[in-house]
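The primary structure of each chain is shown beneath.
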Amino acid sequence: MIRFPDPDLRLAHLARRNLIHRVETGQAGPRLDKFLAAVTDLPRALIRDLIEFGSVWVAGRVCRRQSRLLAAGEWVTLQAPAYGPVRFYEINPARIVFQDDWLLAYDKEAGLPCQQTPYDGYNHLYGALGRHLGPKAYLALHHRLDGPTSGVMLFALRREVNQGLSRLFKYGPLIKLYLAVTASAPAGEEWTVDRPIAKAKGFYHCPPDGSGKPARTEFKVLARGPGRTLLQARPLTGRTHQIRLHLAASGHPVLGDAEHGGPPAPRLMLHAASLSFTHPRTGRPLTIEAPRPPGFDHEE
């Protein structure tokens with residue numbers, strides 16, 4: 001699991017908040033760094049670091065140019081990470097679970113974002129893999145895992161496989177298997193949840209009226225232990241938070257999933273264990289697996 005640096009006391013109170021400022025008519029033409037230093041009272045050197053770090057947005061887009069001249073009416077957003085502009089994450093090559101000329105698969109750590117967040121443009125898997133492969137390498141992201149979820153993520157290393165991968169993730173055939181740990185004990189050994197998923201006020205949920213996008217997940221009990229059940233989940237659709245929501249709807253929320261009613265745990269106990277598909281270039285069957293993380297055992 002990724003461990004984030006200690007908070008920067010100058011920024012901790014701003015963490016995960018959008019500080020939005022509009023350039024007034026009389027302010028037309030100021031430099032971005034000078035403007036933000038004036039409206040936030042933060043040191044200009046820190047503002048410059050945050051701009052370069054990808055924490056500043058102008059007119060809805062990331063802006064890394066400190067000297068950018070702002071126009072009247074433009075909106076400037078600062079989303080500062082609590083730990084400040086600290087570059088702490090690089091990939092562990094040992095977690096590359098598959099690589100050939102066309103594809104790369106990585107066992108993502110729990111707690112790590114897949115791609116840039118609004119407050120951090122450096123510490124994410126896509127960026128770190130790009131740095132590992134080098135500036136001339138091609139890398140394309142075709143699917144995502146929630147930040148707290150660990151496990152297999154698949155990337156394209158050549159443009160020629162983009163269309164094939166996009167088709168796989170949209171239409172299949174692609175088998176995705178996850179491991180989940182719950183504190184409760186399901187009555188049966190196998191069951192299916194068919195509940196639509198919707199988003200409201202920034203949160204995903206299963207609407208009681210059945211509205212939302214169709215979502216279907218198959219579950220199987222793998223092992224039972226005192227106060228713990230190890231499950232296999234196979235999502236047949238690809239909605240955000242699908243497994244987490246469907247287990248919560250079944251009365252068995254994932255351990256560590258406070259957002260959906262799960263009991264406390266050191267991490268979200270959800271792991272993308274494997275992907276099975278036909279290689280989009282070679283045509284050969286392929287199964288890519290990520291090792292079971294510590295704690296994913298019914299006896300622990």
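The notes below deal with the structure included here. Sequence positions are assigned chain by chain, starting from 1 and proceeding in written order. Given that this is a predicted model, residues contribute local features only at a pLDDT of at least 70 and side-chain atom pairs are listed and counted only at 80 or more, while totals for whole chains, interfaces and linings are drawn from all residues. The side-chain values count all of the structure's non-hydrogen atoms but skip hydrogen atoms and water molecules.

What follows deals with the environment of Ala198. Secondary structure elements are defined from DSSP: runs of H or I of at least 4 residues count as helices, runs of E of at least 2 residues count as strands, and each element is numbered from the N terminus. Secondary-structure assignment places Ala198 in strand β11 (residues 198–200). In this structure the C-alpha to C-alpha distance between Ala198 and Lys213, which are 15 residues apart in sequence, comes to 6.3 Å. By definition, residues are in contact when any of their heavy atoms lie within 4.5 Å. Once you skip the residues sitting within four places of it in the chain, Ala198 turns out to touch Phe203, Tyr204, His205, Pro207 and Gly212.

Moving on to helix α5 (residues 242–249). Among the 8 residues in α5, 6 count as buried, and that is most of the element. Using a 1.4 Å probe on the protein chains alone, a residue whose accessible area is under 20% of its type maximum counts as buried, one over 50% counts as exposed, and one in between counts as partly exposed. For α5, the complete set of buried residues consists of Gln242, Ile243, Arg244, Leu245, His246 and Leu247. Buried residues belonging to α5 abut β9 (174–182), β10 (190–194), β12 (203–205), β13 (216–225), β14 (228–235) and β15 (270–278). A positive phi of about 90° marks Gly251, the residue just after α5.

This part is about the pairing of strand β8 (residues 150–156). The element β8 is extensively covered by neighbouring structure, given that 7 of its 7 residues are classed as buried. Examined bridge by bridge, strand β6 (residues 103–108) and β8 share 6 bridges and lie antiparallel to one another. Across the sheet, the residue bridging to Leu103 is Ala156, located in β8. Note on pairing: DSSP must find at least two bridges between two strands before they are called paired. Pairing between β8 and β15: 2 bridges, direction parallel. Counterpart to Gly151 in the pairing with β15 is Ala272.

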